[in-house]
Amino acid sequence: MKINPLYVLPNAFTAGSIFLAIISIISSAKEDFTLACWAIVASMILDGLDGRVARLTNTSSKFGVEFDSLADIVAFGVAPAMLVYFYIGQYYGRFGLVVCALFVIFGAIRLARFNITTHSEPNFFIGLPIPSAAVILVTWILFNQDYTIFEQPKVVHNALDNSLDILIGNPNALGYISLSCVLLVGVLMVSNIRYPSFKAMTWNLKTFIVLLLLCGILIYRPIEFLTFFMSGYVIYGLGRWAFLLTKIRRS
């Protein structure tokens, strides 16, 4: 039985996504947070390409679907959780550990639910997609790297005792709020809140012009654009859910 060599293509993109996720985890451990963030973004791009390549080459397979799902939990679950932990979570004891662990667990539940659900609403996702959740954490960290909304506690080596490190700066309330937001993003993944899907977007001249404008802003201010766009995406889902809930209670 001959196997079509084109089947390698989409799986190669998936493998590349995992490879970049491992680079991100190692970079986070080395405190090279900028590289860790952009590795996750690049991983998301490869993850978006593997499915499209499979459809274009007519090489979709059950193996590819399962491989892609396992890759997603590494690239968009474990890698961003480790990034958050090394960036801020490690300074907040058990709270930081629990938040990062729950993010991965909720991401795995989100993927499992997605795989077994029959989708009746092609224009919406049920719950925040895990790639979107990962990119939100990445953009927040990149934004903080440039604008320093909250400062990380610093650890310096004590020259008098080689086995002792000194923590400079106490964890503050803003750090707890930031980790709580990470936990909220994790909860949104397993919620029933609807989020727009751009896969079924109707393409016309107006859509093309808006897309060109957004691309221009993205090129001019990539970090700022991604941060506000993805944060707005989260807020839109929450706001729409709150509006519909209020409307149902009034009726």
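So, how was this worked out
Residues numbered from 1 in each chain as written. Predicted model: local features only at pLDDT ≥ 70, side-chain atom pairs only at ≥ 80, totals over all residues. Heavy atoms only, no water. Phe/Tyr/Trp six-rings, centres within 6.5 Å; stacked < 30°, edge-to-face > 60°. Helix = DSSP H or I, 4+ residues; strand = E, 2+ residues; numbered from the N terminus. Buried < 20%, exposed > 50% of the residue type's maximum accessible area, 1.4 Å probe, protein only. Lys NZ or Arg CZ within 6 Å of the ring centre and 35° of its normal. pLDDT = per-residue confidence, 0-100. Contact = heavy atoms within 4.5 Å. Axes fitted to C-alpha atoms, helices over the stretch in contact; angles between N-to-C directions. Parallel < 35°, antiparallel > 145°, perpendicular 65-115°, else oblique. Left-handed = near helix turned anticlockwise from the far one by under 90°. Patch = residues over 30% accessible without salt bridge, like charges linked within 9 Å, V, L, I, M, F, W, Y side chains within 5 Å. Areas by Shrake-Rupley, 256 points an atom, 1.4 Å probe, with all protein chains shown as cover. Salt bridge = Lys/Arg side-chain N within 4 Å of Asp/Glu carboxyl O. UniProt positions renumbered as here; feature names shortened; annotations may be inferred.

Under the counting rule described, the total for this entry stands at 9 aromatic pairs. Taken together, a centroid distance of 4.9 Å and an interplanar angle of 90° make the contact between Phe33 and Tyr87 edge-to-face. Taken as a pair, Phe33 in helix 2 (residues 33-56) and Tyr87 in helix 3 (residues 62-87) lie far apart in primary sequence, 54 residues in all. The burial state of Phe33 is the same as that of Tyr87; both residues are buried. Each member of the aromatic cluster is reached from another via a ring pair, and the members are Tyr92, Phe95 and Tyr176. A cation over a ring is seen here: Arg221 above Tyr220, with NZ or CZ 5.3 Å from the ring centre.

In the predicted model, the protein chain carries a mean pLDDT of 84, and 86% of its residues have values of at least 70. For the stretch residues 156-169, pLDDT sits under 50, and the model shows 18 contacts to residues farther than four places along the chain or on other chains.

Here we come to unusual backbone geometry. For residues other than glycine, phi is negative in most cases, and the peptide bonds are mostly trans. Its identity as a non-glycine residue notwithstanding, Glu31 has a phi of 65°, on the positive side. Looking at the element boundaries, Glu31 is found in the loop between helix 1 (8-29) and helix 2.

Turning our attention to the packing of helix 4 (residues 93-116) against helix 6 (residues 173-189). Helix-helix packing is characterised by the crossing angle of the two axes and by the distance between the axes. Where helix 4 meets helix 6, the axes come as close as 8 Å, and the angle between the chain directions of the two elements is 15°. Relative to helix 6, helix 4 is oriented roughly parallel. When you trace helix 4 past helix 6, the crossing you get is left-handed. Across from Phe95, Gly96, Val99, Leu102, Phe103, Phe106, Gly107, Arg110 and Arg113 in helix 4, the residues of helix 6 making contact are Tyr176, Leu179, Ser180, Val182, Leu183, Val185, Gly186, Val187 and Met189.

We now examine a nonpolar patch on the surface. Together, Leu205, Phe208, Ile209, Leu212 and Leu213 make up a nonpolar patch on the protein surface, roughly 530 Å² of accessible area in all. Note that Ile209 resides in helix 7 (residues 205-220).

This next bit is on the UniProt feature "transmembrane region" (unreviewed entry) in the protein chain. In this numbering, the UniProt entry assigns the feature "transmembrane region" (unreviewed entry) to residues 7-27, 94-112, 124-143, 173-191, 203-220 and 226-245. In the segment residues 203-220, helix accounts for 89% and strand for 0%; the C-alpha atoms at its two ends are 24 Å apart. Here residues 226-245 is 100% helix and 0% strand, with 29 Å between the C-alpha atoms at its ends.

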